[in-house]
Amino acid sequence: MKVTVFNGSPRGRKSNSHLMVELLMKGAREAGAETEEVFLIEKDIKYCRGCFACWVKTPGICAIKDDMPALIDLCLESDYMGMAGPVYNMYMTGLLKNFSDRFLPLATPHIHRNDDGSFYHKGRVKRFPRQFFIFNSGFPGGHNFELLEHFVEIVKRGGANRVVLEIYRNCGEALGIVEDEEPAVARRINDFREALRKAGHEMVASDKVRPETVAQLHIELMSDEEYMAGANRHWDQALQDLG
Ligand SMILES: Cc1cc2nc3c(=O)[nH]c(=O)nc-3n(C[C@H](O)[C@H](O)[C@H](O)COP(=O)(O)O)c2cc1C
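Colleague: Can you break down the site of the ligand residue by residue, with the values?
Modeller: Around the ligand, the surrounding shell holds 17 residues, and the nearest of these are Ser9, Asn16, Ser17, Asn136 and Glu173. Between Val87 and the ligand, the recorded distance is 2.8 Å, taken from a backbone N or O atom to an oxygen atom. At 2.8 Å, a side-chain N or O of Asn144 approaches a nitrogen atom of the ligand. Surface burial for the ligand is 78%, taken as the share of its 650 Å² of free accessible area covered by protein chains. Grouping the amino acids of the shell around the ligand by side-chain chemistry returns five nonpolar, ten polar and two charged.

Take a look at the structure:
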């Protein structure tokens, strides 16, 4: 059983996304999986050129020579494929979007109609891994996940059972807090971390994540006011340090 996560944060190994992925992977390993996290920022992934060579010249094969073909192979060898990253301008980072665009060789050219009237391209591969998503936002509240939630809804149209877990974690910049002057906040962050480990374990052990665990992944870490005050204190300090 292999779980691979593609981390699309430009912060790479220093990201909040990585912090979350690591805990989920820990749970997955405890349930017997082999895990791998790929930091997209460390890879050579060029933009899709829109040439459609992968459809009509060399079907299934991209014309660009970079790291992407190996990453697609890695994805297809996996049982679970995760995408992780921060919200940037209300959506996923350019890194993650660029990575997604480069999956075009796995689609076939002809246009088909879904039952709901929308359109799609049939896939070229027989088996695509189950997917999960781990997003975090710098703002409190949930508004900043609206586009990502819609994106995941569209992924689900590709197969009702395809998406096994969705995490939309607000207050992302608080995740690094271990000891806080407010013990209740530290406790909730620890509960959230524990939920990540549990989610990874359940995903691998039973191919689903219990609704209780999903709820735990979305608990309020602190009030909007507390988060805003903490973040604004941080920025004040940073500006003061400038002199
Ligand atoms: C260019 C840029 C755009 C951002 N846009 C948003 C946004 O639209 N909504 C939001 O909640 N946070 C936004 N953020 C904040 C990040 O989502 C936040 O810092 C996050 O915790 C970073 O996660 P990471 O460490 O995994 O990269 C933005 C940050 C940057 C640098």
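Right, picking up where we left off after that structure.
Colleague: Give me the lowdown on the nonpolar core, citing residues and values where you can.
Modeller: If you look at the biggest cluster of nonpolar residues, it comprises 32 residues, and the most contacted ones within it are Val3, Leu24, Phe132, Ile134, Leu165, Met203 and Leu217. No other element matches helix 6 (residues 183-206), which puts eight residues into this core. Among residues more than four places away in sequence, those in contact with Leu217 are Leu165, Ile167, Arg169, Phe192, Ala195, Leu196 and Ala199. Among the nonpolar cores identified, the runner-up in size contains 26 residues, and Cys75, Met83, Phe99 and Phe133 belong to it.

Colleague: Please provide a residue-by-residue account of the pairing of strand 4 (residues 107-113), values included.
Modeller: Alignment of strand 4 against strand 5 (residues 119-123), held across four bridges, turns out to be antiparallel. When the sheet's bridge partners are listed, Arg113 is paired in strand 5 with Phe119. Connecting the antiparallel pair strand 4 and strand 5 is a turn made up of five residues, with Gly117 showing a positive phi of about 95°.

Colleague: Account for the sheet that holds strand 2 (residues 34-39), naming residues and giving values.
Modeller: Spatially, five strands are ordered 2-1-3-6-7 in an open sheet, and the strand pairing comes out parallel. Two strands close off the open sheet at either side, each with one partner strand: strand 2 and strand 7 (163-169). Averaged over all pairs of adjacent strands, the angle between their axes in this sheet comes to 15°, without regard to strand direction. With six bridges joining them, strand 6 (residues 130-136) and strand 7 adopt parallel strand pairing. Counted as the bridge partner of Asn136 is Arg169 from strand 7. Contacts from helix 5 (residues 146-157) reach strand 6 and strand 7, with the element oriented near 180° to strand 7. The strands touched by helix 6 are strand 1 (2-7), strand 3 (80-86), strand 6 and strand 7; relative to strand 7, the strand with the most contacts, the crossing angle is about 170°.

Parameters at a glance
- Residues numbered from 1 in each chain as written.
- Predicted model: local features only at pLDDT ≥ 70, side-chain atom pairs only at ≥ 80, totals over all residues.
- Heavy atoms only, no water.
- Near = heavy atom within 4 Å.
- Polar contact = N/O pair within 3.5 Å; in protein donor to acceptor, adjacent residues only side chain to side chain.
- Areas by Shrake-Rupley, 256 points an atom, 1.4 Å probe, with all protein chains shown as cover.
- Nonpolar A, V, L, I, M, F, W, Y, C, P; charged D, E, K, R; others polar.
- Core = buried A, V, L, I, M, F, W, Y, C linked by side-chain atoms within 4.5 Å.
- Buried < 20%, exposed > 50% of the residue type's maximum accessible area, 1.4 Å probe, protein only.
- Helix = DSSP H or I, 4+ residues; strand = E, 2+ residues; numbered from the N terminus.
- Contact = heavy atoms within 4.5 Å.
- Pairing = 2+ DSSP bridges.
- Axes fitted to C-alpha atoms, helices over the stretch in contact; angles between N-to-C directions.

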